[in-house]
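Structural features, examined
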Amino acid sequence: MSAVVEDTTVPPQVLLAHHLKSLKLPTFAREYEKVAFECVRAQVDYPRYLLRLCELERIDRDRRNMERRIRQARFPQTKSLDTFDFKAIPSLNKSLVLELARCEWIERRENCIALGPAGTGKTHTALALGLAACQRNHSVLFVTAAALVHELIEARDERRLRSLQKQLAKVNLLIVDELGYVPFTAVGSELLFEVISRRYENGATLVTSNLPFDEWTSVFGSERLTGALLDRLTHHVHILEMNGESYRLATSKKRARKASAIAAPDASGHGHTEPKGGATDTD
Ligand code: ADP
Ligand code: MG
């Protein structure tokens, strides 16, 4: 039987720090002394002392994982559903969005497509659903359709297409934003098609587009390829209909109305009492 030989020349704190580091328990290492003092004072027994440290490590680890997921997702901004005003977009099915934020569709490897004109909150919703996925420890990648096609072509030219395709196939949720603004070359279309094809029933994909499905051919060029892509993408799909006025336009119009009411108080009769700003509220 092998025995652990205690090295009496090295202080136990140093050895402990070393072991905890190699076991990847940084919170344990940071907190054990402080928690020990607290437990002595509160007369907490050893199992509860260790339990407290374990809980702290787990909480910290979950937070670190979430932060790593968010960094790896490459979100251009942080947006959440807390700041999304559903009243501003009545065509959007709020309960479906809240359901999607629970991420079961990602576990089922389904798809989601948000459709609507510019400024209606498609990117905001996609970012919020991406963030929710990171919070549930799913791997996420956010990319615009144009950037993705650019990356794929670059990877092909540099002979590392296979490894990029593998990476794109592996991620739990791939968000492809802004499909429709830039038409692709034939090669670009085929490369993007391959990404969607590989992900079919293997991972969840969220696409946002300003174009209705019957106009997607104008982006992909080929009717046959568009048909095959839509076939895969829409097999298990949640559609978010986001038809309405641009949120930016609506809020700046509202701001302008408020400003003119302040400038000409006689016209409204009570314009001078209007507070400045607060243009994001909806009636
Ligand atoms: P889209 O992607 O549909 O063009 P965005 O999601 O980029 O639109 O929205 C444009 C701006 O308006 C963003 O700053 C976004 O946060 C904001 N926005 C859009 N819709 C809403 C909404 N319903 N509630 C709060 N902010 C919104
Ligand atoms: Mg957008």
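Residues numbered from 1 in each chain as written. Chains lettered and ligands numbered in written order. Predicted model: local features only at pLDDT ≥ 70, side-chain atom pairs only at ≥ 80, totals over all residues.

**Topic: the environment of L129**
Looking at where L129 falls in the secondary structure, it is placed in helix α6 (residues 122-135). Owing to 26 C-beta atoms within 10 Å, L129 belongs among the buried residues under this scheme. C-alpha of L129 to C-alpha of V97: the two residues are 32 residues apart in sequence and 8.2 Å apart in space. Leaving out residues up to four positions away in the same chain, L129 has contacts with L100, A101 and L206. (Helix = DSSP H or I, 4+ residues; strand = E, 2+ residues; numbered from the N terminus. Buried ≥ 20, exposed ≤ 12 C-beta atoms within 10 Å, placed from the backbone. Contact = placed C-beta atoms within 7 Å.)

**Thoughts on the site of ligand 1**
Ligand 1 sits among 15 residues. The nearest are G121, K122, T123, H124 and Y247. Among the secondary structure elements, those contributing two or more residues to the shell around ligand 1 are α6 and α12 (247-263). Ranked by the residues each element gives to the shell around ligand 1, the list is headed by α6, at three residues. A per-class count over the shell around ligand 1 returns five nonpolar, six polar and four charged. (Near = placed C-beta within 6 Å. Nonpolar A, V, L, I, M, F, W, Y, C, P; charged D, E, K, R; others polar.)

**Overview of the nonpolar core**
Within soluble globular proteins, side chains that are nonpolar generally end up buried alongside one another. Core analysis: the largest hydrophobic core is formed by 45 residues, its most contacted members being A133, L173, I175 and L206. Of the residues forming this core, the biggest block, eight residues, is contributed by α6. Dropping the residues within four chain positions of it, A133 is found in contact with C103, I106, H138, V140, N172 and L173. (Core = buried A, V, L, I, M, F, W, Y, C linked by C-beta atoms within 7 Å.)

**Focus on the domain arrangement of the protein**
Partitioning the protein into structural domains gives domain 1 (12-71) and domain 2 (81-241). Spacing between the C-alpha centres of domain 1 and domain 2 amounts to 40 Å. Each side of the interface is counted separately: domain 1 has four residues, and domain 2 has five residues. Of the residues belonging to the side of domain 1 that touches domain 2, the class tally is two nonpolar, one polar and one charged. (Domains from an automatic or database assignment.)

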